[in-house]
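# An overview of the molecular structure
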Amino acid sequence: MDNRDLSKYFKSIIDQDRCAVVICNLAHGIIYMNPAAVERYAKRGGDALVGQNLLSCHSPQSAEQIKKVVAWFSESPAHNIIHTFRNEKENKDVYMVALRDEDGTLIGYYEKHEYRDVETGAVYDFG
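To start, this report covers the structure provided alongside it.

## Structural notes on the side chain of Asp 93
Checked against the element boundaries, Asp 93 lands in strand E4 (residues 92-100). Residue classification places Asp 93 among the buried positions, given a relative accessible area of 11%. With residues up to four places along the chain from it excluded, the contact list for Asp 93 reads His 83, Phe 85, Arg 86, Lys 112, His 113, Glu 114 and Arg 116.

## Some details on a nonpolar patch on the surface
A cluster of nonpolar side chains, Val 123, Tyr 124 and Phe 126, forms an exposed patch at the surface whose accessible area comes to about 490 Å². Tracing the backbone through its elements, the reader meets Tyr 124 in the segment after strand E5 (106-115).

## Observations regarding the environment of Glu 119
Mapped onto the elements, Glu 119 comes out in the segment after E5. A relative accessible area of 51% places Glu 119 in the exposed class. Considering only alpha carbons, one finds Glu 119 and Ser 7, 112 residues apart in sequence, at a separation of 29 Å. Reaching out from Glu 119, the side chain makes a polar contact with the backbone nitrogen of Gly 121 at a distance of 3.0 Å.

## Re the state of the cysteines
Enumeration according to the criterion identifies zero disulfides in this entry. Among the cysteines around Cys 24, which has no disulfide bond, Cys 57 carries the closest sulfur, lying 8.6 Å off.

## Some remarks on the pairing of strand E3 (residues 81-87)
Regular strands place side chains that alternate from one sheet face to the opposite one. Taken together, the six bridges between E3 and E4 define a ladder with antiparallel strand orientation. When the bridges of E4 are listed, Ile 82 appears paired with Met 96. Here E3 hands over to E4 after four residues, with Asn 91 in that stretch at a positive phi of 50°.

## With respect to the nonpolar core
Formed by 19 residues in total, the largest nonpolar core has its most connected members in Val 22 and Tyr 109. Counting only elements with at least two residues in this core, the list comes to strand E1 (21-25), strand E2 (30-33), helix H3 (60-75), E4 and E5. Among the elements that make up this core, the one with the highest residue count is H3 (five residues). If near-sequence neighbours (up to four positions away) are discounted, Val 22 is found in contact with Ile 30, Tyr 32, Met 33, Ala 37, Tyr 41, Leu 54, Tyr 109, Tyr 110 and Glu 111.

Parameters at a glance
- Residues numbered from 1 in each chain as written.
- Predicted model: local features only at pLDDT ≥ 70, side-chain atom pairs only at ≥ 80, totals over all residues.
- Heavy atoms only, no water.
- Helix = DSSP H or I, 4+ residues; strand = E, 2+ residues; numbered from the N terminus.
- Buried < 20%, exposed > 50% of the residue type's maximum accessible area, 1.4 Å probe, protein only.
- Contact = heavy atoms within 4.5 Å.
- Patch = residues over 30% accessible without salt bridge, like charges linked within 9 Å, V, L, I, M, F, W, Y side chains within 5 Å.
- Areas by Shrake-Rupley, 256 points an atom, 1.4 Å probe, with all protein chains shown as cover.
- Salt bridge = Lys/Arg side-chain N within 4 Å of Asp/Glu carboxyl O.
- Polar contact = N/O pair within 3.5 Å; in protein donor to acceptor, adjacent residues only side chain to side chain.
- Disulfide = S-S within 2.5 Å.
- Pairing = 2+ DSSP bridges.
- Core = buried A, V, L, I, M, F, W, Y, C linked by side-chain atoms within 4.5 Å.

Pasting the structure below:
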């Protein structure tokens, strides 16, 4: 198998994630939202947000924090993930994660939600 064309596999991984994933370029343009993100942000426009600027979806204070995180990502290839928010009501943590190309150059970032609820489904429940 040619490892250079894994894009359809990586897209499938993101699309199957039950947590919202919003991918942005360095200009803060939303370039992709997985189905969970489209559903989560439906009241704000859903998939119509793709192509919009992420900063316009946030308060000025949040926009400044996002810019600071991207600057931090730019400082070092070792700066790749930062916890940005804890939502007790939904029992989740939100992270910003750097996206880098093969040589480590920062090319964008994504927002990842991780829920901390214990799984309630049965193990290997095929039903």
